[in-house]
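Residue-level listing of the chains:
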Amino acid sequence: MAEKQRIEYIDLAKGICICLVVWNHITGGGTLIQSCFDEMIFSFRMPLYFFLSGLFFKTYDGFWFLFVRKINKLIIPLLAFHFVSYIFFFIADCEVEGFSQELVVEHTRNFLVAPYYESFRNPPIWFLLCLFIVNLFFYGIVYVAKIKTYSIELLIFSTLVIGITGYYMGANGRWLPFYADTAMTALPFFTIGYVFRKYTSILYPNSFDKFNVVLVAICVIGAFFVVRGKAYYAFNNYELNIFQLYFGGFLGIMAVLFLSKQLKHLPVISYFGRYSIIILVTHYFLFPYVRRGVDLLNLEFVPTLLITFVLTMSCYIGIIPVLKKYMPHITAQKDLIKV
């Protein structure tokens, strides 16, 4: 029973997370309606995803099994929707510029080099590649830590050193391809998730649950005062110092975690969380067209954004079942490569 409850509220946390991602892309990063909390949301939105992924990290039966598992769950959806995005934008560019051999060559080149140079036409899919790299990094650290007399202290220290290195690489304009630099910076959040599940009981029902609401308030207030600037994980570029980045991000993660644990389940939001990868890889195709329709109503700026968000998310009540049924292998619902 405890395991079922835990999974339910983790889905809710993922649902909150994907809603924040879509909202951010619709608003372009901030509006008057959230001006006081823009920076706080930026500080934990992507770290929350890394944390939740770390919760369920497993070494399986060795590196090959882990590798194939992550290819199925991350790289296949990435490549599939990377390809779809280039077909989509190629057709759109043809309508504007007309079909030409030069246009074909340009789009083909951009398609091939986009993962290396981090220039996806469907920007949200960057996270899938970055998370894949994080999993490989973390597996390597766990493997080495076990060889060197495994200890949780060594694991935490190693990932923290790598994270700090990644942060200062970004601060000094140092770049690694395939989002490896961001993966380094994000690694401590992934590790926190792994440690919380493996070494604590905080994720399960316990006697401290009666303080969930208080803990949410403390974490929100703490993050509000700690965070001063936005964190752009897709570019490994941060307006925060290293303490603000990690401690502010941690407070935001805990706020969402304790809130989700208190609420346990919200039907629509939890549903979105369960299939958040489908929303992640497709919403960049959807919301611009929803926005065009809403613009016809000639509403004020903020109502336009709110209606666009609600309509975009509502579309997924129909889109998710269709993609689950007809495209399960490219939406991480079924494995394409068998081990």
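For clarity, every value in this text was computed on a predicted model and none was experimentally measured.

Calculation rules
Residues numbered from 1 in each chain as written. Predicted model: local features only at pLDDT ≥ 70, side-chain atom pairs only at ≥ 80, totals over all residues. Heavy atoms only, no water. Helix = DSSP H or I, 4+ residues; strand = E, 2+ residues; numbered from the N terminus. Buried < 20%, exposed > 50% of the residue type's maximum accessible area, 1.4 Å probe, protein only. Contact = heavy atoms within 4.5 Å. Core = buried A, V, L, I, M, F, W, Y, C linked by side-chain atoms within 4.5 Å. Expected span 1.5 Å × (residues − 1). Arc of directions from axis to C-beta. pLDDT = per-residue confidence, 0-100.

## Digging into the side chain of Ser-276
Take Ser-276: it is sitting in helix 11 (residues 276–295). The class of Ser-276 is buried, set by a relative accessible area of 6%. Each residue touching Ser-276, except ones within four places of it in the same chain, is listed here: Lys-14, Ile-18 and Tyr-49.

## Digging into the nonpolar core
One broad trend across soluble globular proteins is that nonpolar side chains are buried collectively. Formed by 99 residues in total, the largest nonpolar core has its most connected members in Phe-50 and Phe-127. No other element matches the 13 residues that helix 5 (residues 126–147) contributes to this core. Look past the residues within four positions of Phe-127 in its chain and what remains in contact with it is Met-46, Tyr-49, Phe-50 and Leu-280.

## Structural notes on helix 6 (residues 152–171)
Across its 20 residues, helix 6 extends 29 Å between first and last C-alpha, which sits within 8% of the 28 Å expected from 1.5 Å per residue. Within helix 6 the residues assigned to the buried category are Ile-152, Leu-155, Thr-159, Gly-163, Gly-166, Tyr-167, Met-169 and Gly-170. All buried residues of helix 6 lie within an arc of 160 degrees about the axis, which places them on one face of the element. For helix 6, the exposed residues lying more than 90 degrees away from the buried face are Glu-153, Phe-157 and Ala-171.

## Description of helix 10 (residues 267–274)
Turning to helix 10, its buried residues are Ser-270, Phe-272 and Gly-273. An end-on view of helix 10 places all buried positions within 155 degrees of arc, on one side of the element. Opposite the packed face of helix 10, turned more than 90 degrees from it, sit the exposed residues Pro-267 and Arg-274.

## Side note on the confidence of the model for the protein
On average, residues of the protein score 91 in pLDDT, and 94% of them reach the 70 mark or higher. Contacts of residues 1–6 to residues separated by more than four positions or lying in other chains number ten contacts, the stretch itself having pLDDT below 50.

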